[in-house]
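Listed below are the residues making up each chain.
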Amino acid sequence: MPSPHLMLTLVALVISVALLYLPSGQEEPRLWLISAVASYLILRHGTRMLPWVALSGLAASGSLMSASGWAMAGFAAPLILFTGTACLTLMPLVIARGLRYAEPHAQRSGKASLLGTLLSVSAGAAASTAVWTLGDLILHPAPSFDVATLTYRFFALGLAPLVILPLYQLNRSKRSHAASVTQAERIGWLGAAVFLASLAITESSQVLLLLLPLFLWSALRMELILSVALNGLTVLALLTLIPPLEMGNPHADWVMQAQLAVYFISALFLGTTIADRRKIETRLEDRVLQRTQDLQQINQELQDEVFIRKQAEKSLLASSRKYRSLIDTAGSPIVILDRDFSVRQWNRAASDLFGQKRDDIQGKDFVHTFMLRSFQEETAWKIQKVFETGQTLENLENEISDAQGRNLVMLWNVARFVNPGTEGDMQVIVVGQNITSIRETQNQLHFLAHYDVLTGAANRRLFEDRGRQSLKQGYRNGHDVGLIGLDVDHFKRINDTLGHDVGDELLKVLFSRMKDCLREEDTIARLGGDEFAILLNKVNGRDGCLKVAENLLKSITRPVQVPGQQLIITTSIGVTLAPQDGTDYGVLLKNADMAMYRAKKNGRNTIQFYEPEIGEEMAHQLNIEQALRQGLEQNEFILYFQPQIDLEDNRVIGFEALLRWHHPQKGLLTPAHFLDIAEQSGLLPTLGVWIIDSVFEQARKLQLLSATPLRVSVNLSGRELRHPSLVPHVKDTLQRTGLDPQLISFEVSEPAIVSNIDDSLRALNQLKALGVSLTIDSFGSGLTSLSHLATMPVDMLKVHHSLIGGIPDESYDTAIFNTLVAIAQGMGLRLVVEGVETEAQENYFRSKGIRYVQGHRFAAPIPAEHLPRFLGQLSNGEIGRNQTQMGLQLQ
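A short tour of the structure in this document, coming up. (Residues numbered from 1 in each chain as written. Predicted model: local features only at pLDDT ≥ 70, side-chain atom pairs only at ≥ 80, totals over all residues. Heavy atoms only, no water.)

## So, the packing of helix α18 (residues 491-498) against helix α19 (residues 500-516)
- Between α18 and α19, the shortest axis-to-axis distance is 6 Å and the interhelical angle comes to 135 degrees. Judged by the angle between their axes, α18 and α19 are oblique. Every residue of α19 that contacts α18 at Phe491, Ile494, Asn495 and Leu498 is listed here: His500, Val502, Gly503, Leu506 and Leu507. (Axes fitted to C-alpha atoms, helices over the stretch in contact; angles between N-to-C directions. Helix = DSSP H or I, 4+ residues; strand = E, 2+ residues; numbered from the N terminus. Parallel < 35°, antiparallel > 145°, perpendicular 65-115°, else oblique. Contact = heavy atoms within 4.5 Å.)

Below, the structure written as structure tokens:
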């Protein structure tokens, strides 16, 4: 395809050659093609076409000058050529710029017709024509231009945009511009146009009238742009091709041109009107279509809404039935109330709970009809609170009486809601839950956590909590708080002899009696076993505590009836007072405990107030206990042996093993400093095992050192005697060491035997069965009955040193000793006197025929490691010669 530049040049050359051969006076109308092609090229390809457009204008102007004659122009010929070239170059540029500007402006303004734009551009082209003509007038002093020439130049330049813009728009459009026009109709219109144009060349004045229906046909049947393009092309073709009319009539051509202009403008106006109508109709149809679609959409939405509403009503009805069924079959009572507490509805569970049918309770006052009187005010207040304050949910717990007359604990949930069936009136729904079993379980757990199951007294946890609270209140208010600790004397003996059931009943009676002696604000706690503690809140100092303690002691010691017998129990009471003795609960409880044990030590069945020295003593005992444990671990205990003498021949017949503690700080300690503490702390059995093992081993060594047998005595406490492991351990030790049992003698104090006579006799018999000797130590210091003494499997009686201190000067001590001697002789028992210190005592005992003695008069206790040397010296007679003591010898 040839380039636009070549195409423009060819068109311009063809027109220039054609103009050279046409008659004069018809050149200007032929310039429309140059202007039209140049305008289209600038519209399509921009200003880079200007050089080619100028070249085409120069060629066209030169052709015009050749046709008119250069001679007539004279010296003005170059200027005329330049003016024509400039107009033919600038006019297409102006036309193209104007069209490019007018087109989007018309589209933005939303106008349906391009008529105004076309006329405006045409007017600009006409003004350019006037400038061209004015230039010719200036260059030609005697102008030869007339109205026909101006008309020719206007049509030549002014009709170019009327053709170019529709063609340009038609080229840019991507849709069919005459969808309603058939192909046959187009061909027919073009054929008619060609036919009329051929007739107009020969018969111009007679045929021009036939162009009007052809223009109206295009305006009525075709779109505006296509109609304008076709009509404009037809007009320009006729102006170019029709020969000049009568030469004698100068206005004939002008009339023909005006006639063509009227036809064109009339067709243009009719086409514009029809186009506007079509647009209005199209817009109206679009609006009607849009409205119809909107109405259809609205109708569909209404149908959907109606369908949804129907579905919602069905779902609501089904849900209502479902929830009504759920509520009616629910296991919890559900009640709906008005503001005046009147019942509007309730379910089957509520009917079963209160024993009334649903129809019978309509309108009844729920609060005052079904709630217990003590809970009516609180229940009414909680429900009214939901109505008045806007609170959506409230909980309350109360008790009711059900249809069977049982008192039940109920938890009610009160919720507010608006019932649509009551025109928006506010109501509440009350849902109940029977929590009686839960509360009973909680109460039981609370009781187990804070109270003693057997007696109902407070436990240690609750007692501590109340004690701390009472101490805080006492500190703030300035009053005293008393704390009493007590336990039953010898309660273990009651459990062992009468059974634990009797012991439990005894504790219940004890708690009941203590409770009768106290006030409501006081607290009794069972701390464990038979140990109780009492908290006296706001007590009147020491006197108030003493009064309460005396009442307790008097009440507890009253006889207690148990199955088969009466019991008289005693108790030891310790009392401490806050803030005098301390302000901390733990300190006060410890003080009361220490005071109670001091009461036991003082003889039981008594009252002991806490004193600072008691604490010091307990601290001392604690230190001794800790040191005892350490001493056992580090082997700090040793054995001393004191000889036993036969006065008849001054021979050593045996030794008594004496325990000593080599304390790291206090030195050598006798059992009087630590034996009771060892027994109380439970260390005595361990210590006793060590003593028996050591004594038996030392006794075996003594037999190897002595030519004659020597008996060794070892002391047993009451607890050791009755300990179940004693007899098996003695038996095993005898077998292990191979020692003759007759060379071992166990000494048990008379008070230790009397404290539990039955168990003591049982243990003594078991030891005697092993073949060992038995001695009652400290004879005469206890209350042993002679009948019990006769049944004891003992071999000797040892008189306590406290009973011979006044002998021979004190007649009272002498009388007691003589009585003891008579008892021993009467029962056939050997008598041993310990603690002989003076020569007078020795002489007295010799005079009374007492054979067996021991004491410092004869020999002090000897460490075990010194026994070999002692026995050696005794065999050699060195002791009798070198010491003030009497001479001793081995038997």
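## Observations concerning the sheet that holds strand β12 (residues 607-609)
- Within the open sheet, the five strands sit side by side as β7-β8-β6-β11-β12. Their pairing is mixed. A single partner strand is all that each edge strand has here, and the edge strands are β7 (523-528) and β12. Across the sheet, the axes of successive neighbouring strands diverge by a mean angle of 20 degrees, strand direction being ignored.
- Note that strand β6 (residues 480-488) and strand β8 (residues 531-539) share seven bridges and pair antiparallel. Across the sheet, residue glycine 482 finds its bridge partner in β8, namely leucine 536.
- Packed onto the sheet, helix α20 (residues 541-556) meets β6, β8, β11 (571-578) and β12 and runs at close to 160 degrees relative to β11. (Pairing = 2+ DSSP bridges.)

## Re the pattern of salt bridges
- Tallying each qualifying case throughout the model produces 30 salt bridges.
- The shortest N-O distance in the salt bridge between lysine 385 and glutamate 394 comes to 3.4 Å.
- The class of glutamate 394 is buried, set by a relative accessible area of 11%.
- With a closest N to O distance of 3.5 Å, glutamate 611 and arginine 542 form a salt bridge. Of the two residues, glutamate 611 is situated in the loop between β12 and α22 (612-634) and arginine 542 in helix α20; the sequence distance between them amounts to 69 residues.
- Given a relative accessible area of 25%, glutamate 611 falls into the partly exposed group.
- Put simply, Asp646, Glu648, Asp649, Arg651 and Arg851 are held in one network by salt bridges that share partners. (Salt bridge = Lys/Arg side-chain N within 4 Å of Asp/Glu carboxyl O. Buried < 20%, exposed > 50% of the residue type's maximum accessible area, 1.4 Å probe, protein only.)

## Observations concerning the nonpolar core
- Judged by nonpolar contacts, the single largest core of 76 residues is most densely connected at Phe746, Leu767, Phe817 and Phe845.
- Here the element with the most residues in this core is helix α24 (residues 684-705); it accounts for seven residues.
- Once you skip the residues sitting within four places of it in the chain, phenylalanine 817 turns out to touch Val799, Ile804, Ile807, Leu831, Val833, Tyr844, Phe845 and Ile850. (Core = buried A, V, L, I, M, F, W, Y, C linked by side-chain atoms within 4.5 Å.)

## Comments concerning the sheet that holds strand β1 (residues 334-337)
- Across the sheet, five strands lie side by side as β2-β1-β5-β4-β3; this open sheet has antiparallel pairing. Of all the strands in the sheet, just β2 (343-346) and β3 (393-401) have a single pairing partner and so form its edges. On average, adjacent strands in this sheet sit at an angle of 25 degrees to one another, irrespective of strand direction.
- As paired strands, strand β4 (residues 407-418) and strand β5 (residues 426-434) are joined by nine bridges and run antiparallel to one another. Of the residues in β5, the one forming a bridge with tryptophan 412 is glycine 432.
- Sitting on the sheet, helix α15 (residues 373-389) is in contact with β1, β3, β4 and β5, with an inclination near 155 degrees to β3.

## Section: the packing of α24 against helix α32 (residues 867-876)
- Taken N-terminus to C-terminus, the directions of α24 and α32 make an angle of 30 degrees; their axes are 11 Å apart at the nearest point. Taken together, the axes of α24 and α32 lie roughly parallel to each other. Here α24 runs over α32; the crossing is right-handed. Residue-level contacts link Gln698, Leu702 and Leu705 of α24 to Leu867, Pro868 and Leu871 of α32.
- Broken down by class, the residue content of the contact of α24 with α32 amounts to five nonpolar, one polar and no charged. (Left-handed = near helix turned anticlockwise from the far one by under 90°. Nonpolar A, V, L, I, M, F, W, Y, C, P; charged D, E, K, R; others polar.)

## Some remarks on a nonpolar patch on the surface
- On the surface, a cluster of nonpolar side chains totalling about 370 Å² of accessible area is made up of Leu445, Phe447, Leu448 and Val453.
- Within the secondary structure, leucine 448 is located in helix α16 (residues 436-450). (Patch = residues over 30% accessible without salt bridge, like charges linked within 9 Å, V, L, I, M, F, W, Y side chains within 5 Å. Areas by Shrake-Rupley, 256 points an atom, 1.4 Å probe, with all protein chains shown as cover.)

## A word on helix α21 (residues 585-601)
- For α21, built from 17 residues, the straight-helix expectation of 24 Å at 1.5 Å per residue is met to within 8% by its first-to-last C-alpha distance of 24 Å.
- Among all positions of α21, only Tyr585, Leu588, Leu589, Asn591, Ala592, Met594, Ala595, Met596, Arg598, Ala599 and Lys600 are buried.
- Between the side-chain oxygen of the N-cap and the backbone nitrogen of glycine 586 there are 3.1 Å, and the N-cap of α21 in question is aspartate 584.
- Glycine 603 occupies a position one or two residues after α21 and carries a positive phi of about 120 degrees. (Expected span 1.5 Å × (residues − 1). Polar contact = N/O pair within 3.5 Å; in protein donor to acceptor, adjacent residues only side chain to side chain.)

## Let's talk about the pairing of strand β20 (residues 830-834)
- Where burial is concerned, most of β20 is hidden: four out of the five residues are buried.
- Summarising the sheet, strand β19 (residues 796-799) and β20 pair through four bridges and their orientation is parallel. Residue pairing for β20: leucine 797 is matched across the bridge by leucine 831.
- As for the winding sense of the linkage, the β-α-β connection from β19 through helix α30 (residues 811-827) to β20 is right-handed.
- For the segment spanning β20, helix α31 (residues 839-847) and strand β21 (residues 852-854), crossover handedness is right-handed. (Right-handed = clockwise from strand over helix to strand, strands pointing away.)

## Structural notes on the environment of serine 401
- As for its placement among the helices and strands, serine 401 is situated in strand β3.
- A sequence separation of 48 residues divides serine 401 from leucine 353, and the C-alpha atoms of the two residues are 8.8 Å apart.
- Beyond its immediate sequence surroundings of up to four residues, serine 401 is in contact with Leu372, Arg406 and Asn407.

## Some words on unusual backbone geometry
- A cis amide bond links alanine 578 with the next residue in sequence, proline 579, at an omega value of 10 degrees.
- Inspection of the secondary structure puts proline 579 in the loop between β11 and α21.
- With an omega of 5 degrees, the peptide bond between isoleucine 807 and proline 808 qualifies as cis.
- Relative to the elements of secondary structure, proline 808 occurs in the loop between β19 and α30.
- Even without being glycine, histidine 490 reaches a positive phi, approximately 55 degrees.
- Mapped onto the elements of the fold, histidine 490 is located in the loop between β6 and α18.
- Classification of histidine 490 as partly exposed rests on a relative accessible area of 39%.
- Phi at arginine 604 is positive, roughly 65 degrees, even though this residue is not glycine.
- Tracing the chain through its elements places arginine 604 in the loop between α21 and β12.

## Section: the pairing of strand β14 (residues 651-663)
- In terms of burial, β14 is a largely internal element, 11 of the 13 residues being buried.
- Two strands pair when backbone bridges link them, and strand β13 (residues 637-646) and β14 are joined in this way by 10 bridges, in the antiparallel orientation. Counterpart to proline 643 in the pairing with β14 is phenylalanine 655.
- Taking the residues that link successive antiparallel strands as the turn, the β13-β14 hairpin has four residues, and the phi of asparagine 650 there is positive, at about 60 degrees.
- Pairing between β14 and strand β16 (residues 711-716): three bridges, direction parallel. If you follow glutamate 656 over to β16, its bridge partner there is serine 713.

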